[in-house]
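Structural overview for review
Spelled out from the first residue to the last, the chains are:
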Amino acid sequence: MNELASAAGEPPTPVLSYSPLVLPVAGRPVDLPVRVTAPATGTGLPLILLSHGHGGSNNLSSLNGYAPIAQLWAQAGFVVVQPTHLSSRTLAHRLAGAPGAPWFWRSRAEDMTHVLDRLDVIEETVPHLAGRIDHGKVAVAGHSLGGFTANLLLGAQVTDPGTGERVSVLEPRITAGVVLAAPGRGDVVHPAMAERIPVFKSIDFSTMAAPALIVAGDKDDSRHFTDAGPGWHTDPYALAPAPKTLLTLFGAEHGLGGIAGYDAAETTDENPERVSCLGRLSAAYLSTHFRLDDHAWQRACQDLLAGSDPVGRVESK
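We now turn to the structure provided with this report. (Residues numbered from 1 in each chain as written. Predicted model: local features only at pLDDT ≥ 70, side-chain atom pairs only at ≥ 80, totals over all residues. Heavy atoms only, no water.)

A closer look at the sheet that holds strand S4 (residues 79-83)
Selection criterion: Whether two strands pair depends on DSSP finding at least two bridges between them. A helix here means a DSSP run of H or I that spans at least four residues, while a strand means a run of E at least two residues long, and both kinds are numbered starting from the N terminus. Structural elements are reduced to axes, namely lines fitted to C-alpha atoms, with helices fitted over the stretch in contact, and the angle between N-to-C directions of any two is expressed from 0 to 180 degrees.
Spatially, the nine strands line up as an open sheet ordered S1-S2-S4-S3-S5-S8-S9-S10-S11, and their pairing is mixed. For this open sheet the edge positions go to strand S1 (15-23) and strand S11 (312-316), each flanked by a neighbour on one side alone. Between one strand and the next, the sheet's axes are offset by a mean angle of 20 degrees, whatever the strand orientation. For strand S10 (residues 244-249) and S11, the ladder comprises five bridges, and the chain directions are antiparallel. For Thr245, the partnering residue across the bridge sits in S11 and is Ser316.

Concerning helix H10 (residues 296-304)
Put simply, the test is: For every residue, the accessible area (1.4 Å probe, protein chains only) is compared with the maximum for its type, and the residue is labelled buried under 20%, exposed over 50%, or partly exposed between those bounds. What the arc measures is the spread of directions leading from the helix axis to the C-beta atoms. Between two residues, a contact is recorded if the distance between any of their heavy atoms is within 4.5 Å.
Regarding H10, the residues found buried are Ala296, Trp297, Ala300, Cys301 and Leu304. Looking down the long axis of H10, one finds its buried residues gathered within 130 degrees of arc, a one-sided arrangement. At its buried positions, H10 is contacted by strand S9 (212-217), S10, helix H9 (272-289) and S11.

Considerations on the pattern of salt bridges
What counts here: For this analysis, a salt bridge means a side-chain nitrogen from Lys or Arg found within 4 Å of a carboxyl oxygen belonging to Asp or Glu.
This model, assessed by the stated rule, comprises 14 salt bridges. Ionic pairing is found between Arg106 and Glu165, a salt bridge with its closest N-O pair at 3.5 Å. Of this pair, Arg106 sits in helix H4 (residues 105-117) while Glu165 sits in the loop between strand S6 (158-159) and strand S7 (166-167), and the two are 59 residues apart along the sequence. Exposure remark for Arg106: the relative accessible area of 26% places this residue in the partly exposed category. A relative accessible area of 39% places Glu165 in the partly exposed class. We note a salt bridge from Asp204 to Arg166, for which the minimum N-O separation is 2.5 Å. Note that Asp204 is positioned in the loop between helix H7 (191-196) and S9 and Arg166 in strand S7, a separation of 38 residues in sequence. The exposure class assigned to Arg166 is partly exposed, which follows from its relative accessible area of 44%.

A closer look at the nonpolar core
Operational definition: Only buried Ala, Val, Leu, Ile, Met, Phe, Trp, Tyr and Cys residues count toward a nonpolar core, and they belong to the same one when joined by side-chain atoms within 4.5 Å.
By size, the foremost hydrophobic cluster in this structure holds 55 residues, and its most contacted members are Leu47, Leu49, Val79 and Phe148. With residues near it in sequence (within four places) discarded, Leu47 still touches Val79, Val81, Leu116, Leu119, Ile133, Lys137, Val138 and Ala139. In terms of nonpolar packing, the next biggest core, distinct from the first, is built from 41 residues, Tyr66, Ala141, Ala252 and Ala284 among them.

Here we look at the packing of H4 against helix H6 (residues 145-153)
Condition: Oblique is the label for any angle not covered by the other classes, which are roughly parallel (under 35 degrees), roughly antiparallel (over 145) and roughly perpendicular (65 to 115). In this scheme the handedness of a crossing depends on how the near helix is turned from the far one: anticlockwise by less than a right angle means left-handed, clockwise means right-handed.
Between H4 and H6, whose axes approach to 9 Å, the crossing angle comes to 65 degrees. Overall, the two elements H4 and H6 adopt an arrangement that is roughly perpendicular. The crossing of H4 and H6 is right-handed. Across from Trp105, Arg108, Ala109 and Met112 in H4, the residues of H6 making contact are Leu145, Gly146, Phe148, Thr149, Leu152 and Leu153.

Description of the packing of aromatic side chains
We count it as follows: Note on aromatic pairs: the rings of Phe, Tyr and Trp (six-membered ring only in Trp) are paired at centre separations within 6.5 Å, and the planes decide the class, stacked below 30 degrees, edge-to-face beyond 60, tilted for the rest.
In this structure the tally under the stated criterion is four aromatic pairs. On the numbers, 5.7 Å between centres and 85 degrees between planes, the contact of Tyr285 with Trp297 is edge-to-face. Residue Tyr285 is located in helix H9, and its partner Trp297 is located in helix H10; the two are separated by 12 residues in the primary sequence. Residue Tyr285 is classed as buried on the basis of its relative accessible area of 10%. Classification of Trp297 by relative accessible area gives buried; the value is 15%. Site record: aromatic cluster; members linked through ring pairs are Phe148, Phe200, Phe225 and Trp232.

Examining H6
Among the nine residues of H6, nine are classified as buried, and the element is accordingly described as predominantly covered. When H6 is considered as a whole, its buried residues turn out to be Leu145, Gly146, Gly147, Phe148, Thr149, Ala150, Asn151, Leu152 and Leu153. Contacts made by the buried residues of H6 are with strand S3 (45-51), H4, strand S5 (133-143), S6, strand S8 (176-180) and helix H8 (235-238).

Brief notes about the packing of H9 against H10
As a reminder of what qualifies: Only Asp, Glu, Lys and Arg are considered charged, only Ala, Val, Leu, Ile, Met, Phe, Trp, Tyr, Cys and Pro nonpolar, and every remaining residue, Gly among them, polar.
Across the interface, H9 lies against H10 with an axial gap of 7 Å and an inter-helix angle of 155 degrees. As the angle between them shows, H9 and H10 are arranged roughly antiparallel. For H9 against H10, the interelement crossing comes out left-handed. Residues Cys277, Arg280, Leu281, Ala284, Tyr285, Ser287 and Thr288 of H9 pack against Ala296, Trp297, Ala300, Cys301, Asp303 and Leu304 of H10. Residues belonging to the contact of H9 with H10 are distributed by class as follows: nine nonpolar, two polar and two charged.

Quick look at the pairing of strand S2 (residues 32-39)
Counting buried positions along S2 yields eight of eight residues, so the element is predominantly enclosed. Side chains Leu32, Val34, Val36 and Ala38 of S2 all project onto a buried face; the interleaved residues Pro33, Arg35, Thr37 and Pro39 project onto the opposite face, where all are buried too. By the bridge criterion, seven bridges tie S1 to S2 in an arrangement that is antiparallel. Its bridge partner being in S2, Leu23 is matched across the sheet by Leu32. Strand direction decides the pairing type here: S2 and S4, joined by four bridges, are antiparallel. Paired with Val36 across the two strands is Val81, which belongs to S4.

As structure tokens, then:
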């Protein structure tokens, strides 16, 4: 695996970005567009499926968002696939009356299964990508509402508020996750918000057994959702079984420095250096998980979490 260029003081690793690649999906109100970002060279590349959030900017809740973190992951040697979920603000005017609107929580998870089912098509369509992805090394990452999606794909379960059915959308081909500023437990969500997004009330992390790096900002106080404070975003770590690792970023708010985009209204804590550190740490976590570099995570933690000015703290179980 390549180290991030910022860490080594070397020129950035060239990456290729291809979009939109449109996947027809039977029964979906619109076809599934994705962006693929990959290093220009290398083979046996692990895959990250990146689920966008639902922030205030139209552009960022789509395949066109999250360029800062997708670029860093590709430079570190990962192929990143970003779908535009049905919940994207870019589609709100077309899908307001569709079943599942406006959150499309189940469809968001199903999008990732569709991507994995069509991975051969993606490889053959994107120029210079054929034969370069290791289909056995797949992770999911998600931010905010995308973190909720990632939790479900990693094994968390919910109760469908429309049917009362307990739902699992666990995707066994995904063997690790990076959960970024995700919602926590439902019993502390404000009643008005629980009524607006009722599926949040029933999240059960006890079944989320897959390994994951949970990332939370110690200044991410989502008061529109809960009075539980920034610790609410650590619930996927606290309430899920091992193995889990919690990375708490010092000074980070919900945007974690700007992973969705810089110069955007919802990036209230814009800090490219923080995003770079998060990119390096999360890439190192996955590199060690996939046995590409057994010491990458240890080195990254020593470099970024130790000393007189650490970017955060980490704990594991």
